[in-house]
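Spelled out, the chains give:
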Amino acid sequence: MSTIGLISFSIAIGINSIFLYNRKKRWNTSYLRWLTGIILFIIALIAIYFKIIVDSDVSIFIGSFSAVLIYNTFDAILKTVSMRLHERDFYLWLRGSDEINDSLHGKNPHIKLSDKVFSFFLLILIFTAPFLGYFFKL
């Protein structure tokens with residue numbers, strides 16, 4: 001992976017991780033998440049159109065800068081599913097989350113299986129979405 005590919009991959013992982021771990025913070029609005037995703041996607045399209053990115057980096061660049069939009073889409077879908085299942089947004093069941101007790105013998109009776117599945121799915125998505133460009137040969 002080239003330097004630009006590594007930088008774009010790091011940006012996608014970093015932004016999505018910030019959005020994931022701060023998903024219930026007041027500043028982390030839906031508008032901010034979608035605006036960030038759209039801006040990154042437009043930057044990727046402009047860079048490709050003006051040949052700023054070489055052909056070997058196009059797939060990782062598009063995949064990385066589309067990853068924020070992909071994450072936002074799945075986060076919104078999972079919130080909707082959780083609202084229908086439990087009448088609440090799902091709890092983030094990952095170490096370091098403010099929504100759980102992640103101490104050594106911490107008890108989390110409010111956590112359901114769906115919270116765990118949704119949390120791991122989003123975490124895996126964050127690390128795999130930037131590679132979608134390679135999988136679909138963009």
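Please read these numbers as outputs of a predicted model, since none were measured by experiment.

Criteria and thresholds
- Residues numbered from 1 in each chain as written.
- Predicted model: local features only at pLDDT ≥ 70, side-chain atom pairs only at ≥ 80, totals over all residues.
- Heavy atoms only, no water.
- Core = buried A, V, L, I, M, F, W, Y, C linked by side-chain atoms within 4.5 Å.
- Buried < 20%, exposed > 50% of the residue type's maximum accessible area, 1.4 Å probe, protein only.
- Helix = DSSP H or I, 4+ residues; strand = E, 2+ residues; numbered from the N terminus.
- Contact = heavy atoms within 4.5 Å.
- Salt bridge = Lys/Arg side-chain N within 4 Å of Asp/Glu carboxyl O.
- Axes fitted to C-alpha atoms, helices over the stretch in contact; angles between N-to-C directions.
- Parallel < 35°, antiparallel > 145°, perpendicular 65-115°, else oblique.
- Nonpolar A, V, L, I, M, F, W, Y, C, P; charged D, E, K, R; others polar.

### Remarks on the nonpolar core
Thought 1: By size, the foremost hydrophobic cluster in this structure holds 26 residues, and its most contacted members are Leu20, Phe61, Tyr71 and Leu122.
Thought 2: If you list the elements that add at least two residues to this core, you get helix 1 (3-21), helix 2 (30-49), helix 3 (58-86) and helix 4 (113-128).
Thought 3: Element by element, the count of residues in this core is highest for helix 3, at nine residues.
Thought 4: Aside from chain neighbours lying at most four places away, what touches Tyr71 is Asn16, Phe19, Leu20, Leu122, Leu125 and Ile126.

### Observations concerning the pattern of salt bridges
Two side chains with opposite charge may pair up if their charged atoms get near one another.
Thought 1: In the structure shown here, the tally under the stated rule is four salt bridges.
Thought 2: Salt-bridge contacts for Asp75 lead to Arg23; the nearest nitrogen and oxygen are separated by 3.6 Å. Of this pair, Asp75 sits in helix 3 while Arg23 sits in the loop between helix 1 and helix 2, and the two are 52 residues apart along the sequence.
Thought 3: Here Arg23 falls in the buried class, since its relative accessible area comes to 4%.
Thought 4: For Asp75, a relative accessible area of 2% puts it in the buried group.

### Let's talk about the packing of helix 1 against helix 3
Thought 1: At their nearest, the axes of helix 1 and helix 3 sit 8 Å apart, and the two run at 10° to each other. Comparing their axes, helix 3 and helix 1 come out roughly parallel. Residues Ile4, Gly5, Ser8, Phe9, Ile11, Ala12, Ile15, Asn16, Phe19 and Leu20 of helix 1 form the contact with helix 3, whose participating residues are Ile60, Phe61, Ser64, Phe65, Ala67, Val68, Tyr71 and Asn72.
Thought 2: A per-class count over the contact of helix 1 with helix 3 returns 13 nonpolar, five polar and no charged.

### Concerning the environment of Ile70
Thought 1: Looking at the secondary structure, you find Ile70 in helix 3.
Thought 2: Overall, Ile70 belongs to the partly exposed group, its relative accessible area being 22%.
Thought 3: Dropping the residues within four chain positions of it, Ile70 is found in contact with Leu125, Ala129 and Leu132.

### Some words on the environment of Phe74
Thought 1: Relative to the elements of secondary structure, Phe74 occurs in helix 3.
Thought 2: The exposure class of Phe74 is partly exposed, given its relative accessible area of 30%.
Thought 3: Taking C-alpha positions, Phe74 is 9.5 Å from Phe118, a pair spaced 44 residues apart along the chain.
Thought 4: When residues no more than four places from it in sequence are discounted, the contact partners of Phe74 are Phe121, Leu122 and Leu125.

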